[in-house]
Amino acid sequence: MKLAIATSDFIQKIGFEVDDKGLPTNKPRVAKFTYSRIGAEGKPENMDLDVPMLAVVKVPSLSITRVDIKFNMEVKSSEAAVSNSSENKDLKVNAGYSGFGITASASFSGAVSSSSNNTRTSDNSAKYDIAILAEDTGIPEGLSRVLDMLHQAITPVSSTAAA
């Protein structure tokens, strides 16, 4: 909608003259050209040419016909957790007996050891692809026909004969 309004505003401001209040009229704004050429009788004559502005300037007409989202971004997330534990136990037992003429002793020892190592890793990643395409599709057919009529109406007029 903003593109259409911009085109309409351009045509009103550039293409038409304004009245005393600054409002556009229905009279086309023209660029005036004067040049000399050799006339039919071999004499130089001055020529005036009034060219409508809309016939010589490009009317902005931008249209978005397709939007492709193309934007490369990679997001990576990784997490690692490591836990270690170890435990040691030692045991010593001494026992002895003495009686009835017998003496005996015993000694026991032992060790228990344990170790554990846990690692947890997670990896998350994502990719996105975003691109935006806008293109000029040319002017609308109706405006093209009006401009063709303006182009055909451009005819030099002798200013020497009028003087």
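Refer to the structure printed above.
Rules behind the numbers
Residues numbered from 1 in each chain as written. Predicted model: local features only at pLDDT ≥ 70, side-chain atom pairs only at ≥ 80, totals over all residues. Heavy atoms only, no water. Helix = DSSP H or I, 4+ residues; strand = E, 2+ residues; numbered from the N terminus. Contact = heavy atoms within 4.5 Å. Patch = residues over 30% accessible without salt bridge, like charges linked within 9 Å, V, L, I, M, F, W, Y side chains within 5 Å. Areas by Shrake-Rupley, 256 points an atom, 1.4 Å probe, with all protein chains shown as cover. Salt bridge = Lys/Arg side-chain N within 4 Å of Asp/Glu carboxyl O. Buried < 20%, exposed > 50% of the residue type's maximum accessible area, 1.4 Å probe, protein only. Polar contact = N/O pair within 3.5 Å; in protein donor to acceptor, adjacent residues only side chain to side chain. Pairing = 2+ DSSP bridges.

## Looking at the environment of Val-51
So, step 1. Along the polypeptide, Val-51 turns up in strand β4 (residues 44-52).
So, step 2. Residues Val-51 and Lys-32 lie 19 residues apart in sequence; the distance between their C-alpha atoms is 6.4 Å.
So, step 3. Sequence-distant contacts of Val-51, defined by excluding residues within four places in its chain, comprise Arg-29, Val-30, Ala-31, Phe-33, Val-56 and Ile-154.

## Thoughts on a nonpolar patch on the surface
So, step 1. Residues Leu-91, Val-93 and Phe-108 make up a contiguous nonpolar surface patch of roughly 310 Å² in combined accessible area.
So, step 2. Tracing the sequence through the fold places Leu-91 in strand β6 (residues 73-99).

## Here we look at the environment of Asn-46
So, step 1. With respect to the secondary-structure elements, Asn-46 resides in strand β4.
So, step 2. Using a relative accessible area of 36% as the deciding quantity, one classes Asn-46 as partly exposed.
So, step 3. For the pair formed by Asn-46 and Ser-36, sequence separation is 10 residues and the distance between their alpha carbons is 4.3 Å.
So, step 4. For Asn-46, the side chain forms a polar contact with the side chain of Ser-36, separated by 2.8 Å.

## Topic: the sheet that holds strand β9 (residues 157-158)
Two orientations exist for strands paired in a sheet by backbone hydrogen bonds: parallel and antiparallel.
So, step 1. Pairing within the open sheet is antiparallel, and its 3 strands lie in the order β3-β4-β9. If you trace the sheet from one side to the other, it starts and ends with β3 (30-38) and β9, each paired once.
So, step 2. Sheet topology note: the β3/β4 ladder contains 9 bridges and is antiparallel. Directly across from Ser-36, in β4, lies its bridge partner Asn-46.

## Structural notes on the pairing of strand β2 (residues 24-28)
So, step 1. One ladder, built from 2 bridges, connects strand β1 (residues 16-18) with β2; its direction is antiparallel. Across the sheet, the residue bridging to Phe-16 is Pro-28, located in β2.
So, step 2. Linking β1 back to β2 in an antiparallel pair, the connection comprises 5 residues, with Gly-22 at a positive phi of about 85°.

## What to know about the pattern of salt bridges
So, step 1. For the coordinates displayed, the defined rule picks out 1 salt bridge.
So, step 2. For Lys-32, the salt bridge identified is with Asp-50, shortest N-O distance 3.5 Å. With Lys-32 in strand β3 and Asp-50 in strand β4, the pair connects residues that are 18 residues apart, well separated along the chain.
So, step 3. Residue Lys-32 is classed as exposed on the basis of its relative accessible area, which comes to 63%.
So, step 4. Here Asp-50 falls in the partly exposed class, since its relative accessible area comes to 39%.

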